[in-house]
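# Overview (structure and organization)
Given next are the chains, with one letter for each unit.
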Amino acid sequence: MADVVIYTKPGCPYCFSAMSLLKKKGVDYTEIVASNDPDKKAEMVEKSGGRMTFPQIFIDGQHIGGSDEIHALDRDGKLDGLLAA
């Protein structure tokens, strides 16, 4: 199973939606609550190429994007392959 990391902020509906999709697929992921931690937020922005919105999702170190992107990968049938790596 792939290593999945998701940077989140509390109360974020997009974060909840992305994490719900991962849970539905049985994926163990690491959640990093970065909104109130300047170091973690800076880490997220650097790793994501400057994106400052939540969530930011990484699969095996590859930046996937946010909630819209992970749901699009799922709709296109590409997410399972990334998660199985």
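The shown structure was predicted, so the numbers you read here are calculated from the model rather than taken from an experiment.

What counts, and where the lines are drawn
All residue numbers here refer to positions counted from 1 along the written sequence of the relevant chain. The predicted nature of this model means local features are confined to residues of pLDDT at least 70 and side-chain atom pairs, given and counted, to a pLDDT of 80 or more, with totals for whole chains, interfaces and linings taken over all residues. Only hydrogens and water are removed before side-chain values are computed, so all heavy atoms of the structure are retained for them. Only runs of H or I of at least four residues qualify as helices and only runs of E of at least two qualify as strands under DSSP, and these elements are numbered from the N terminus. The reference for a compact globule is 2.2 Å times residues^0.38; the radius of gyration itself is calculated from the C-alpha atoms. Summary of the burial criterion: residues with accessible area below 20% of their type's maximum are buried, those above 50% are exposed, and those between are partly exposed, where the area comes from a 1.4 Å probe applied to protein chains only. Here, residues are in contact when the closest pair of their heavy atoms is within 4.5 Å. Accessibility throughout is a Shrake-Rupley quantity obtained with a 1.4 Å probe, and a residue counts as covered only by protein chains that appear here. In this count, Lys and Arg are taken as positive residues and Asp and Glu as negative ones, while His and the chain termini are left out. Each charge is placed at NZ for Lys, CZ for Arg, CG for Asp and CD for Glu. In this description, strands pair whenever DSSP reports at least two bridges between them. When the strands point away from the viewer and the connection leading from the first strand across the helix to the second strand turns clockwise, the crossover is called right-handed. Two N or O atoms count as a polar contact when they lie within 3.5 Å, although within protein this holds only if one can serve as hydrogen donor and the other as acceptor, and sequence-adjacent residues are included solely when both atoms are side-chain atoms.

With that settled, consider the overall build of the protein chain. Looking only at helices and strands, one finds four helices and four strands in the protein chain. Mapped in sequence order, the helices and strands of the protein chain form the string β-α-β-α-β-β-α-α. For 85 residues, the compact-globule estimate of 2.2 N^0.38 gives 12 Å, and the C-alpha radius of gyration of the protein chain, at 12 Å, lies within 12% of that figure. Oriented by its inertia axes, the alpha-carbon framework of the protein chain measures out at about 35 × 25 × 20 Å. Sorting the 85 residues of the protein chain into buried and exposed places 38% on the buried side. Within the protein chain, residue pairs in contact and separated by at least 24 positions form 54% of the contacts whose partners lie at least 6 positions apart. Carbon and sulfur atoms make up 50% of the accessible area of the protein chain, which amounts to about 4,900 Å² in all. Mean positive and mean negative side-chain charge positions of the protein chain (10 and 13 charges, respectively) differ by 5 Å.

Alignment of strand E1 (residues 4–8) against strand E2 (residues 29–33), held across five bridges, turns out to be parallel. Residue pairing in the sheet places Val5 in a bridge with Thr30 of E2. Assessed by its sense of winding, the connection that carries the chain from E1 through helix H1 (residues 13–24) to E2 is right-handed.

Okay, the side chain of Ser48 next. Tracing the backbone shows Ser48 in the loop between helix H2 (38–47) and strand E3 (56–59). You can call Ser48 buried: its relative accessible area is 7%. At a separation of 2.9 Å, a polar atom in the side chain of Ser48 contacts the main-chain carbonyl oxygen of Met44. Here Arg51 takes part through its backbone oxygen, which lies 3.1 Å from a polar atom of the side chain of Ser48. Residues contacting Ser48, with those up to four places away along its chain left out, are Gln56, Phe58 and His63.

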